[in-house]
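Examination of the molecular architecture
Each chain, written out:
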Amino acid sequence: MKKSNSMLVLILSVSLSLSVIACGNSNQNNQEESAKQHDHSSMSYEADHSMPTGSEMSMEENKSITHLIDGYLALKSALVQDDSKAAANAGQKLAETTSGLDISTFDAPKQAEIKEILEVLKEHGEHIAKSEIAHQREHFEGMTKDFMELLAQVGTDRTLYQQYCPMYNKGNGGSWLSASQEIKNPLFGSKMLTCGSVKETISMK
């Protein structure tokens, strides 16, 4: 019986030792993996800032879009400054401005496309006017896609820069338009003000 008990104690001791060693290795592996992920994130951020200024696109000159671009840039500026109230006011003003764009010079099919885009922009502006800042930023990023489509259809009155932050929306990225090449991120504001790069330069022909 004593011999049997001694064997049982020996087996338990060995099992306990193996468990401790395995746990130690697991913790070390987790720490190493965590460190690798941290390093990878840092590399991605630095790589983004070292990217070239991107491609170029020329569009027709159109002075009738001035008020819309001004409104969009005012909204962008408010979000850069983390000013939800100013963003709400800019969103409402932008929504109201969508009806002032002259599209009479375009043919009927194109007018229909432009009207559809303007309606979507109006809805984004109205949502921004009554939302808190995180939701305002979501609508602003969605609005930017439609605004780019509008510019492609009707043209621009100035040089604009499409800028991109890879960190927005849980790493899926997000874009905005700016009148300057300098990065001032409206999707994060003061939290990550300079995160981003110029992806495309939009100029008049």
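Here the residue numbering is sequential within each chain, running from 1 through the sequence in written order. With the structure being a predicted model, the display of local features is reserved for residues of pLDDT at least 70 and the display and counting of side-chain atom pairs for 80 or more, all residues being used for whole-chain, interface and lining totals. Excluding hydrogens and water, the side-chain values take into account all heavy atoms of the structure.

1. Side note on the pattern of salt bridges
Should their charged atoms come close, side chains of opposite charge can pair. For this document, the term salt bridge refers to a Lys or Arg side-chain nitrogen within 4 Å of an Asp or Glu carboxyl oxygen. Applying the stated criterion across every chain, the model contains six salt bridges. Across the pair Glu61 and Lys63 runs a salt bridge, and its minimum N-O distance is 3.4 Å. Relative accessibility decides the category of a residue: with a 1.4 Å probe and only protein chains considered, values under 20% of the type maximum give buried, values over 50% give exposed, and everything between is partly exposed. You can call Glu61 partly exposed: its relative accessible area is 47%. The residue Lys145 makes a salt bridge to Glu141 at a minimum N-O spacing of 2.6 Å. Highlighted residues: Lys145 and Glu141, both in helix α5 (residues 133–154), separated by four residues, approximately one helical turn. Salt bridges here are not isolated pairs; linked through shared partners, they connect Asp70, Asp157 and Arg158. Secondary structure is summarised from DSSP: a helix means a run of H or I of at least four residues, a strand means a run of E of at least two, and numbering begins at the N terminus for each.

2. A few points about the packing of helix α4 (residues 108–129) against α5
Axis angles are defined between N-to-C directions and span 0 to 180 degrees, where every axis is a line fitted to C-alpha atoms and, for a helix, only to the segment in contact. Look at α4 against α5: their axes get within 9 Å of each other, and the N-to-C directions meet at 160 degrees. One finds that α4 runs roughly antiparallel with respect to α5. As for the relative orientation of α4 and α5, their crossing is left-handed in sense. Between α4 and α5, the residues in contact are Lys110, Glu113, Ile114, Ile117, Leu118, Val120, Leu121, His124, Gly125, His127 and Ile128 and Gln136, His139, Phe140, Gly142, Met143, Asp146, Phe147, Glu149, Leu150, Gln153 and Val154, respectively. Throughout, the term roughly parallel applies to angles under 35 degrees, roughly antiparallel to angles over 145, roughly perpendicular to angles from 65 to 115, and oblique to all others. The sense of a crossing depends on the near helix, which, turned anticlockwise from the far helix by less than a right angle, makes the crossing left-handed and, turned clockwise, makes it right-handed. Working rule for contacts: check all heavy atoms of both residues, and any pair within 4.5 Å makes them a contact.

3. Regarding the packing of helix α3 (residues 84–97) against α4
Helix-helix packing is described using two parameters, namely the angle between the two axes and the distance between the axes. At a closest axis distance of 7 Å, the pairing of α3 and α4 adopts a crossing angle of 155 degrees. The angle between α3 and α4 places the two elements in the roughly antiparallel class. In terms of crossing hand, the pair formed by α3 and α4 is left-handed. Contacts from Ala87, Ala88, Gly91, Gln92 and Ala95 of α3 reach α4 at Lys122, Gly125, Glu126, Ile128 and Ala129. Across the contact of α3 with α4, the residue classes break down as five nonpolar, three polar and two charged. Residue polarity follows a fixed list, in which Ala, Val, Leu, Ile, Met, Phe, Trp, Tyr, Cys and Pro are nonpolar, Asp, Glu, Lys and Arg are charged, and the others, Gly among them, are polar.

4. A closer look at helix α2 (residues 66–80)
Residue count minus one, scaled by 1.5 Å, sets the expected span of a helix. Between the first and last C-alpha of α2 there are 21 Å, a value that for 15 residues agrees with the 21 Å anticipated at 1.5 Å per step. Leu68, Ile69, Gly71, Tyr72, Leu73, Leu75, Lys76, Ala78, Leu79 and Val80 are the residues of α2 that are buried. Immediately beyond the C-terminal end of α2, within one or two residues, lies Asp82, with a positive phi of roughly 60 degrees.

5. With respect to the layout of surface pockets
A water-sized probe, rolled over the atoms, reveals where empty space remains. Every definition here rests on a 1 Å grid over the protein atoms only: cavities are sets of points where a 1.4 Å probe fits but cannot get out, pockets are open sets enclosed by protein on both sides within 12 Å along at least five of seven lines, and lining residues have some atom within 4 Å of a point. Grid points are joined across faces, edges and corners, and a volume is the space filled by probe spheres set on the points. Taken as a whole, the largest pocket spans an internal volume of roughly 240 Å³. What lines the largest pocket is Ile133, Ala134, Arg137, Glu138, Tyr168, Asn169, Lys170, Leu187, Phe188 and Lys191. Ranked by residue count, the leading element in the lining of the largest pocket is α5, at four residues. Its residues assigned to classes, the lining of the largest pocket comprises five nonpolar, one polar and four charged.

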